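# Coordinate analysis (summary)
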Amino acid sequence: MMKNKNSQSVPKPDRGDATKEKLLSMSIDVFGRYGFDGASTRKLADAAGVNLQAIPYYFGGKEGLYIAAAEHLAAIIGGHVADLRTVILQRLARLDAEGAAMSPKEARALLTQMVQRMVGLFVSRQSESWARFIIREQMEPTEAFARVYENIMGPMIGMAGRLVGTILGEDPASERVRLKTLSFVGSILVFRMAHAALLRQMRWDAVGPAELEILQRHAAGLVETLGADGELQP
């Protein structure tokens, strides 16, 4: 049989890496459905289609896999927003270096891009397992929540708070702005956390391209109401 002359330059897939990836990806769903105590190592291994001994071999045990799954989840979500996050952070850093202030108009435009990206991400089918995992951790936080919060939630909320503060003309570190930001982010997260209610209320069978466009326009409208006369105070 003739060999491909380029075959030696093509790296062979690392079976260990593939096994770890399967475990990380599937464990987010399994832990989200059954919780840490209910997710047996057998369920985790079977869901990933790997040998039971792969869990202690790669992660030291179920607890190690749980923490690694939280870090993996944060990395996945971070990957979806990395480009926009970089743009916003670089813009803020440049303004800080120049001692200049961002205009409310620019802050609204960046926040609109941010929340529209979040809406698209959180109504996707992929985010269902993420939501189950995170909701459990919100109810009974563990070290896994700390990993998700420190690696993605905290930085994203902080960045949104910087933009909200600019729009309101207030200190982003103030209690009012922090509460306002949490309320605002919550109004976007509800599309995932209360997804069934969303479909029932809107009389939709699913969120397709047309429905997503409606939600993203709504999210842009929420940005426009920030700082408007007569807005509800937190």
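Because the structure is predicted, anything quoted here is derived from the model rather than measured.

### Some points on the environment of Val 190
Mapped onto the secondary structure, Val 190 falls in helix H8 (residues 175-193). In this structure, the C-alpha to C-alpha distance between Val 190 and Val 123, residues 67 residues apart in sequence, is 9.7 Å.

### Focus on helix H4 (residues 62-98)
If you look at H4, its biggest bend is around 60°, right at Val 81. Once H4 ends, the next one or two residues include Gly 99, with phi positive near 70°.

### Some remarks on the packing of helix H7 (residues 143-168) against H8
Between two packed helices, both the angle of their axes relative to each other and the distance between the axes serve to describe the pair. At a minimum axis separation of 9 Å, H7 and H8 run at an interaxial angle of 115°. Crossing geometry of H7 relative to H8 is assigned as right-handed. Facing H7, whose interface residues are Ile 157, Ala 160, Gly 161, Val 164, Gly 165 and Leu 168, H8 presents Arg 176, Val 177, Lys 180, Thr 181 and Leu 182. By residue class, the composition of the contact of H7 with H8 is six nonpolar, three polar and two charged.

### Thoughts on the pattern of salt bridges
Applying the stated criterion across every chain, the model contains eleven salt bridges. Here Arg 42 ties to Asp 46 by a salt bridge, and the two come within 3.7 Å at their closest N and O atoms. Of this pair, Arg 42 and Asp 46 both sit in helix H2 (residues 41-48), separated by four residues, roughly a single helical turn. Linking Glu 170 and Arg 176 is a salt bridge whose minimum nitrogen-to-oxygen distance equals 2.8 Å. A relative accessible area of 30% means that Glu 170 is categorised as partly exposed. Residue classification places Arg 176 among the partly exposed positions, given a relative accessible area of 23%. When salt bridges that share partners are traced, they join Asp 29, Arg 33 and Arg 132 into one network.

### Quick word on the nonpolar core
A general feature of soluble globular proteins is that nonpolar side chains tend to end up buried together. Residues Leu 111, Met 114 and Phe 133 are the most contacted members of the largest nonpolar core, which totals 66 residues. The biggest single contributor to this core is H4, with 14 residues. Setting aside residues no more than four positions away along its own chain, Phe 133 makes contact with Ile 28, Phe 31, Gly 32, Tyr 66, Ala 69, Ala 70, Leu 73 and Ala 144.

### Points about the packing of aromatic side chains
This model, assessed by the stated rule, comprises six aromatic pairs. Ring plane angle 65° and centroid distance 5.3 Å describe the contact between Phe 36 and Tyr 66, whose orientation is recorded as edge-to-face. Residue Phe 36 is found in helix H1 (residues 15-38), and its partner Tyr 66 is found in helix H4; the two are separated by 30 residues along the sequence. Measuring from centroid to centroid gives 4.8 Å for Tyr 57 and Tyr 58, while their planes differ by 90°, and the two rings are edge-to-face. Residue class for Tyr 57 comes out exposed when judged on its relative accessible area of 67%. Positioned over the ring face of Tyr 34 is Lys 43, at 3.9 Å from the centre of the ring. Its end group placed over the ring of Phe 36, Lys 62 keeps NZ or CZ at 4.4 Å from the ring centre.

### Overview of H2
Residues of H2 that are buried include every one of Leu 44, Ala 45 and Ala 48, and no others. Taken around the axis of H2, the buried residues stretch over an arc of 95°, which confines them to a single face. Once H2 ends, the next one or two residues include Gly 49, with phi positive near 70°.

### Here's the deal with unusual backbone geometry
The phi dihedral of Arg 203 is positive, around 60°, even though this residue is not glycine. Its location among the elements puts Arg 203 in the loop between helix H9 (195-202) and helix H10 (209-225).

### Some thoughts on the confidence of the model for the chain
Here the chain averages 90 in pLDDT, while 90% of its residues score no lower than 70. Predicted confidence is poor over residues 1-13, with pLDDT under 50, and the contacts of this stretch with residues over four places away or in other chains come to zero contacts. Here residues 230-234 scores under 50 on pLDDT; set against residues more than four positions off or in separate chains, the count is ten contacts.

Cut-off values and rules
Residues numbered from 1 in each chain as written. Predicted model: local features only at pLDDT ≥ 70, side-chain atom pairs only at ≥ 80, totals over all residues. Heavy atoms only, no water. Helix = DSSP H or I, 4+ residues; strand = E, 2+ residues; numbered from the N terminus. Bend = angle between axes of the 7 residues up to and from the residue. Axes fitted to C-alpha atoms, helices over the stretch in contact; angles between N-to-C directions. Left-handed = near helix turned anticlockwise from the far one by under 90°. Contact = heavy atoms within 4.5 Å. Nonpolar A, V, L, I, M, F, W, Y, C, P; charged D, E, K, R; others polar. Salt bridge = Lys/Arg side-chain N within 4 Å of Asp/Glu carboxyl O. Buried < 20%, exposed > 50% of the residue type's maximum accessible area, 1.4 Å probe, protein only. Core = buried A, V, L, I, M, F, W, Y, C linked by side-chain atoms within 4.5 Å. Phe/Tyr/Trp six-rings, centres within 6.5 Å; stacked < 30°, edge-to-face > 60°. Lys NZ or Arg CZ within 6 Å of the ring centre and 35° of its normal. Arc of directions from axis to C-beta. pLDDT = per-residue confidence, 0-100.

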